[in-house]
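# Structural overview
Chain by chain, the residues run as shown.
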Amino acid sequence: EAVNPQEYTGVKLEVLEWGNDAKDLIASTKGLEGLKVYMVAATLRPETMYGQTCCFVGPKIDYGIFKVNDKEAYLCTPRAARNMAFQRIFEHDGKFPQLASFQGSVLIGTLVNAPLSVHKDGVRILPMETVLATKGTGVVTCVPSDSPDDYATVMDLAKKPEYYKIQKEWAELEIVPIIKTPSYGEMSAPYLVKELKINSPKDKDALAKAKELAYKEGFYQGIMLIGDYKDMEVQKAKPLVREKLIGQGLAFVYNE
Ligand code: A2H
């Protein structure tokens with residue numbers, strides 16, 4: 001685990017409709033009545049939320065639903081819930097009441113609202129084998145235009161929908177340009193994945209390199225192409241988008 005403290009934005013993706021595998025489990029879960037359930041995705045790039053096309057969980061990782069207060073419950077790893085409780089994100093005096101527990105695979109196909117996304121009807125929960133249980137919330141929102149990992153994963157999912165037991169179209173929501181950079185054009189992730197000849201989400205070393213390049217170029221040279229801060233430098237827009245999300249109750253600061 002990282003030694004350096006990392007300040008994430010916890011983005012709240014409200015569950016709009018549970019997938020087939022989750023429905024029964026949720027129906028038999030006590031204590032959820034009257035609560036909105038949010039998948040909490042940990043991101044370092046809040047300014048990219050306009051480009052969300054799906055949301056990933058690790059199919060073999062353990063998740064839980066935790067009661068935050070009388071209105072809301074969060075879905076994330078138990079480890080993240082414990083950290084959030086320490087950070088007083090839950091209104092239970094350091095406790096984090098767990099209402100349900102299951103593996104990520106149960107969530108596949110669930111429809112969630114992705115804040116700021118161009119896809120207003122919601123996005124689907126899909127599997128990503130490389131999600132770490134030891135980082136963030138175990139929920140990774142997918143921005144294939146700007147994250148090489150996300151792009152490589154959605155391409156793979158769309159190639160093998162039967163293998164992943166998903167509907168192909170869930171992995172094929174339109175990818176729109178959200179940030180332009182001098183070196184990689186209007187979509188840095190597809191550009192770098194092609195340039196570095198990355199064929200699969202398992203090309204670890206090449207993906208690490210692509211991620212590093214995309215991250216640096218986006219942060220230092222990127223210009224927003226969309227949203228309230230269109231034409232602004234990414235460096236300036238990043239904290240503004242974050243504050244906007246937090247102000248609307250759609251995100252919170254999460255440290256680890
Ligand atoms: B980022 P760091 Cl557009 N397992 O958000 C694997 N990856 C995880 C994770 C986990 N448990 N939790 C978070 N992440 C991802 C957006 C994004 C991200 C873009 C571009 C780059 C990027 C959309 N996905 O990250 O190891 C999340 O993806 C590249 C740094 O703590 C999170 O931000 O540095 C990032 O990794 C956190 O990685």
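Throughout what follows, the structure given in this document is the object of discussion.

Rules behind the numbers
Residues numbered from 1 in each chain as written. Predicted model: local features only at pLDDT ≥ 70, side-chain atom pairs only at ≥ 80, totals over all residues. Heavy atoms only, no water. Phe/Tyr/Trp six-rings, centres within 6.5 Å; stacked < 30°, edge-to-face > 60°. Helix = DSSP H or I, 4+ residues; strand = E, 2+ residues; numbered from the N terminus. Buried < 20%, exposed > 50% of the residue type's maximum accessible area, 1.4 Å probe, protein only. 1 Å grid on protein atoms, 1.4 Å probe; cavity = no way out; pocket = protein on both sides within 12 Å on 5 of 7 lines; lining within 4 Å. Points joined across faces, edges and corners; volume = space filled by probe spheres on them. Nonpolar A, V, L, I, M, F, W, Y, C, P; charged D, E, K, R; others polar. Core = buried A, V, L, I, M, F, W, Y, C linked by side-chain atoms within 4.5 Å. Contact = heavy atoms within 4.5 Å.

Okay, the packing of aromatic side chains next. Using the criterion set out here, one finds eight aromatic pairs in the structure. The interplanar angle of 25 degrees and the centroid separation of 6.3 Å between the aromatic rings of Y8 and Y254 together place this pair among those described as stacked. You can see Y8 sitting in strand 1 (residues 7–17) and its partner Y254 sitting in strand 12 (residues 251–255), a full 246 residues away along the chain. The two residues Y8 and Y254 agree in class, both being buried. Geometrically, the ring pair formed by F66 and F96 is tilted, given 6.0 Å between the ring centres and 50 degrees between the ring planes. In this pair, F66 sits in strand 4 (residues 62–67) while F96 sits in the loop between helix 2 (78–86) and strand 6 (98–103), placing the two residues 30 residues apart along the sequence. Overall, F66 belongs to the buried group, its relative accessible area being 0%. By relative accessible area, which is 25% here, F96 ends up partly exposed.

On to the layout of surface pockets, then. Considering only enclosed or pocket space, the largest pocket measures out at about 1,300 Å³ in volume. Every residue lining the largest pocket is counted, 39 residues in all, and those nearest its centre are L44, K135, V140, D149 and K211. Mapped by element, the contributors of at least two residues to the lining of the largest pocket are strand 2 (36–43), strand 9 (139–142), helix 3 (148–159) and helix 6 (204–221). By residue number, the principal contributor to the lining of the largest pocket is helix 6, which donates eight residues. Tallied by class, residues from the lining of the largest pocket come to 17 nonpolar, 11 polar and 11 charged. Reported here for the second largest pocket is a volume of approximately 440 Å³. Taken together, 20 residues form the lining of the second largest pocket, with D21, S105, I108, Y164 and K165 sitting closest to its centre. Contributions of two or more residues to the lining of the second largest pocket are made by helix 1 (20–27), strand 8 (123–127) and helix 4 (161–164). In terms of residues, the lining of the second largest pocket owes the most to one element, helix 1, which gives three residues. A per-class count over the lining of the second largest pocket returns eight nonpolar, five polar and seven charged.

This part takes up the nonpolar core. Among the nonpolar cores identified, the biggest contains 56 residues, and W18, M39, F56, I65 and L75 are the most heavily contacted of them. Excluding anything up to four places from it in sequence, W18 contacts K23, I26, V37, I65, L75, L107 and T110. With 16 residues, the next largest nonpolar core counts Y8, C76, A80 and M84 among its residues.

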